[in-house]
Amino acid sequence: MAEVKVIIGANFGDEGKGLMSDYFAAEAAAQGVKALVICSNGGAQRGHTVVTPRGERHVFHHFGSGTLAGADTWLPRYYILNPIMFMDEYEELIEIETKNGSALTKNEAGPKVYLDPDSPVTTPYDMIINQIAEQHRGDARHGSCGVGIWETLIRNGKTLGEMIDMTDTELLEYLTGTCRKYMYDRLKQLGVDEIPDRWKDIIEDEGLARNYIQDFRLMVNLSEIADISVMDKYERIIFENGQGLLLDRCRKEYGCNTTPSNTGLRNPADLIREYIHSTRENRIDEIEVCYITRTYLTRHGAGRFDEECDKAAINADMVDLTNVPNPYQGTIRYGKLEDRALLRRIREDFDSERFPDDLNVKRTIVLTHTNEYESGLTELADYISDGETRQDIRRVS
């Protein structure tokens, strides 16, 4: 039988999802259980930080945050692949493995990752559109990370499986022909009439596409192609969502300052139901849906933030090594957490999905960064003692 953990950010992201994925993977390893992390939404814009007991620090993008604890990774069709960033991160993880002097995972060749052939794939031209357009917006920027997530989805190009079947010559034509032409048309559509000089040589250099093809082939060769049946191999399955509930594509009150994916329970629930339907017997014993929140709010990027306050009102001495200022998202912002609003969005998300009646499904609230700010979340105590729920509260520093 398999147990499932679903990790969901309850706010604007940056809640500690990587921390929990690493925790659940390490727990499985201590029990001698094989764990699989499924990155169930988003793409390379996710940045989930893990620091191991040995002091190794890594920000995860294309690999599940349980990797350093021995878990494998599956990137399903809801995940947007970026070969350039995949290879950069793979090399970083191999460097960690080399310094540690032992295999990073159970897999002697390095981190084990499975790719879904139906996944969308970002090209360098999607990233260029994203970065030029965001710079062009100036003070009206959307708060994008600049890695081409939205532009990949808008372009609706070839899937991973389709690109694998192409020769290098066909890929080169696809990139420098179809994708590059689309880039120019899309930038005009976005109001960019003149390409900045610093981009012109990069765009027209065929080496950009050739280097990308090399990264693409390496990514595929270092991975295995797999569908939903990959879950059969594991006793613990960890769904690691990216971003948070307040950035969900359906949060219309935040306008264009959200993310183009489902950040709540929807994608994991779809995959779980698909898996149950595809297997002859239900292998899932228990599902724990964990909603992660700091004791305060953060938001990295532009957009509405009603609860915003000065950092000093939370903790002036806090240092965030992951969310550093960048040209696209600016500086991380801070706010006070309102527990009633938090509980309302958790209830709404959890109640929006249904599982078979014979499944044991519970929800948990996870409080992280409790060593930085001890807020007065009085409603949470009532929430777990009101008799209508089965969830617990985990506290993680």
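Residues numbered from 1 in each chain as written. Predicted model: local features only at pLDDT ≥ 70, side-chain atom pairs only at ≥ 80, totals over all residues. Heavy atoms only, no water.

### Here we look at the overall build of the protein chain
Step number 1: Secondary structure summary: the protein chain contains 11 helices and 14 strands in total.
Step number 2: Residues counted as buried form 56% of the 397 residues belonging to the protein chain.
Step number 3: Put simply, of all contacts in the protein chain between residues at least 6 apart along the chain, 79% involve residues at least 24 apart. (Helix = DSSP H or I, 4+ residues; strand = E, 2+ residues; numbered from the N terminus. Buried < 20%, exposed > 50% of the residue type's maximum accessible area, 1.4 Å probe, protein only. Contact = heavy atoms within 4.5 Å.)

### Focus on the packing of aromatic side chains
Step number 1: What the rule picks out here adds up to nine aromatic pairs.
Step number 2: Look at Phe 63 and Tyr 90: their rings are 6.3 Å apart centre to centre, the planes differ by 40°, and that puts the pair in the tilted class. Here Tyr 90 lies in helix 2 (residues 83-100) and Phe 63 lies in the loop between strand 4 (57-60) and strand 5 (72-75), a separation of 27 residues in the sequence.
Step number 3: On the numbers, 6.4 Å between centres and 15° between planes, the contact of Phe 86 with Tyr 90 is stacked. Placement of both Phe 86 and Tyr 90 in helix 2 is noted, with a separation of four residues, approximately one turn of the helix. The exposure classification of Phe 86 matches that of Tyr 90, with both residues buried.
Step number 4: For the cation-ring pair, Lys 158 lies above Tyr 174, with the distance from its terminal atom to the ring centre recorded as 5.7 Å.
Step number 5: Residue placement shows Arg 304 over the ring face of Tyr 254; its charged tip is 5.5 Å from the ring centre. (Phe/Tyr/Trp six-rings, centres within 6.5 Å; stacked < 30°, edge-to-face > 60°. Lys NZ or Arg CZ within 6 Å of the ring centre and 35° of its normal.)

### Some words on the packing of helix 3 (residues 124-137) against helix 8 (residues 206-221)
Step number 1: It is the contact of helix 3 with helix 8, at a shortest axis distance of 10 Å, that shows an interaxial angle of 120°. Regarding the angle of helix 3 to helix 8, the classification is oblique. Within the contact between the two elements, helix 3 uses Pro 124, Tyr 125 and Ile 128 and helix 8 uses Leu 208, Ala 209 and Tyr 212.
Step number 2: Looking at the contact of helix 3 with helix 8, its residues break down into six nonpolar, no polar and no charged. (Axes fitted to C-alpha atoms, helices over the stretch in contact; angles between N-to-C directions. Parallel < 35°, antiparallel > 145°, perpendicular 65-115°, else oblique. Nonpolar A, V, L, I, M, F, W, Y, C, P; charged D, E, K, R; others polar.)

### A look at the confidence of the model for the protein chain
Step number 1: Mean pLDDT over the protein chain works out to 87, with 87% of the residues at or above the 70 mark.
Step number 2: Long-range and interchain partners of residues 384-392, a stretch whose pLDDT sits below 50, account for 18 contacts in this model, where long-range means more than four residues apart. (pLDDT = per-residue confidence, 0-100.)

### Some words on the layout of surface pockets
Step number 1: In this model, the second largest pocket occupies a volume close to 260 Å³.
Step number 2: If you trace the second largest pocket, you find 14 residues lining it, with Leu 245, Asp 248, Cys 250, Asp 349 and Ser 352 closest to the centre.
Step number 3: For the lining of the second largest pocket, the element with the highest residue contribution is helix 10 (residues 339-351), accounting for three residues. (1 Å grid on protein atoms, 1.4 Å probe; cavity = no way out; pocket = protein on both sides within 12 Å on 5 of 7 lines; lining within 4 Å. Points joined across faces, edges and corners; volume = space filled by probe spheres on them.)

### Overview of the side chain of Thr 295
Step number 1: Looking at the element boundaries, Thr 295 is found in the loop between strand 9 (284-294) and strand 10 (297-299).
Step number 2: Classification of Thr 295 as buried rests on a relative accessible area of 1%.
Step number 3: Here the side chain of Thr 295 touches Tyr 373 through a polar contact of 2.4 Å, landing on its backbone oxygen. (Polar contact = N/O pair within 3.5 Å; in protein donor to acceptor, adjacent residues only side chain to side chain.)

### Topic: the pattern of salt bridges
Step number 1: Evaluated as defined, the whole model comprises 22 salt bridges.
Step number 2: Across the salt bridge formed by Asp 185 and Lys 181, the nearest N and O atoms sit 3.0 Å from each other. A residue pair is termed a helical-turn pair when its members lie 3 or 4 positions apart in one helix, as Asp 185 and Lys 181 do in helix 6 (residues 168-189) at four residues.
Step number 3: What makes Asp 185 partly exposed here is its relative accessible area of 40%.
Step number 4: When its relative accessible area of 53% is taken as the criterion, Lys 181 is described as exposed.
Step number 5: Glu 194 serves as the salt-bridge partner of Lys 200, at 2.9 Å between the closest nitrogen and oxygen.
Step number 6: The exposure class of Lys 200 is partly exposed, given its relative accessible area of 33%. (Salt bridge = Lys/Arg side-chain N within 4 Å of Asp/Glu carboxyl O.)

### Some remarks on the packing of helix 3 against helix 7 (residues 197-204)
Step number 1: The geometry of helix 3 relative to helix 7 is characterised by a closest axis approach of 12 Å and an angle of 170° between their N-to-C directions. Compared by their axis directions, helix 3 and helix 7 come out roughly antiparallel. Between helix 3 and helix 7, the contacting residues are Tyr 125, Ile 128, Gln 131, Ile 132 and Gln 135 on the first element and Arg 198, Trp 199 and Ile 203 on the second.
Step number 2: Residue classes in the contact of helix 3 with helix 7 are distributed as five nonpolar, two polar and one charged.

### Things to note about the side chain of Ser 119
Step number 1: With respect to the secondary-structure elements, Ser 119 resides in the loop between strand 6 (113-115) and helix 3.
Step number 2: A distance of 2.9 Å separates the side chain of Ser 119 from the backbone oxygen of Pro 76, its partner in a polar contact.
Step number 3: Beyond its immediate chain neighbours, meaning those up to four positions away, Ser 119 contacts Leu 75, Pro 76, Arg 77, Tyr 79, Leu 81, Thr 159 and Leu 160.

### What about the sheet that holds strand 11 (residues 308-309)?
Step number 1: Read across the sheet, three strands follow the order 10-12-11 without closing on themselves; strand pairing throughout is antiparallel. Two strands close off the open sheet at either side, each with one partner strand: strand 10 and strand 11.
Step number 2: Pairing geometry for strand 10 and strand 12 (residues 333-335), over three bridges, is antiparallel. The residue of strand 12 that forms the bridge with Thr 298 is Tyr 334. (Pairing = 2+ DSSP bridges.)

### So, helix 10
Step number 1: Here helix 10 is 13 residues long and its end C-alpha atoms lie 18 Å apart, about the 18 Å a rise of 1.5 Å per residue gives.
Step number 2: All of the buried residues along helix 10 are Asp 339, Ala 341, Leu 342, Leu 343, Arg 345, Ile 346, Asp 349 and Phe 350. (Expected span 1.5 Å × (residues − 1).)

### Let's talk about helix 9 (residues 266-278)
Step number 1: For helix 9, which comprises 13 residues, the first-to-last C-alpha distance of 18 Å matches the rise-based estimate of 18 Å (1.5 Å per residue) to within 8%.
Step number 2: Of all the residues in helix 9, the buried ones are Asn 267, Pro 268, Ala 269, Leu 271, Ile 272, Tyr 275 and Ile 276.

### Here's the deal with the environment of Pro 111
Step number 1: Looking at where Pro 111 falls in the secondary structure, it is placed in the loop between helix 2 and strand 6.
Step number 2: Its relative accessible area of 3% is what places Pro 111 among the buried residues.
Step number 3: For the pair Pro 111 and Gly 70, spaced 41 residues apart in sequence, the C-alpha to C-alpha distance is 8.3 Å.

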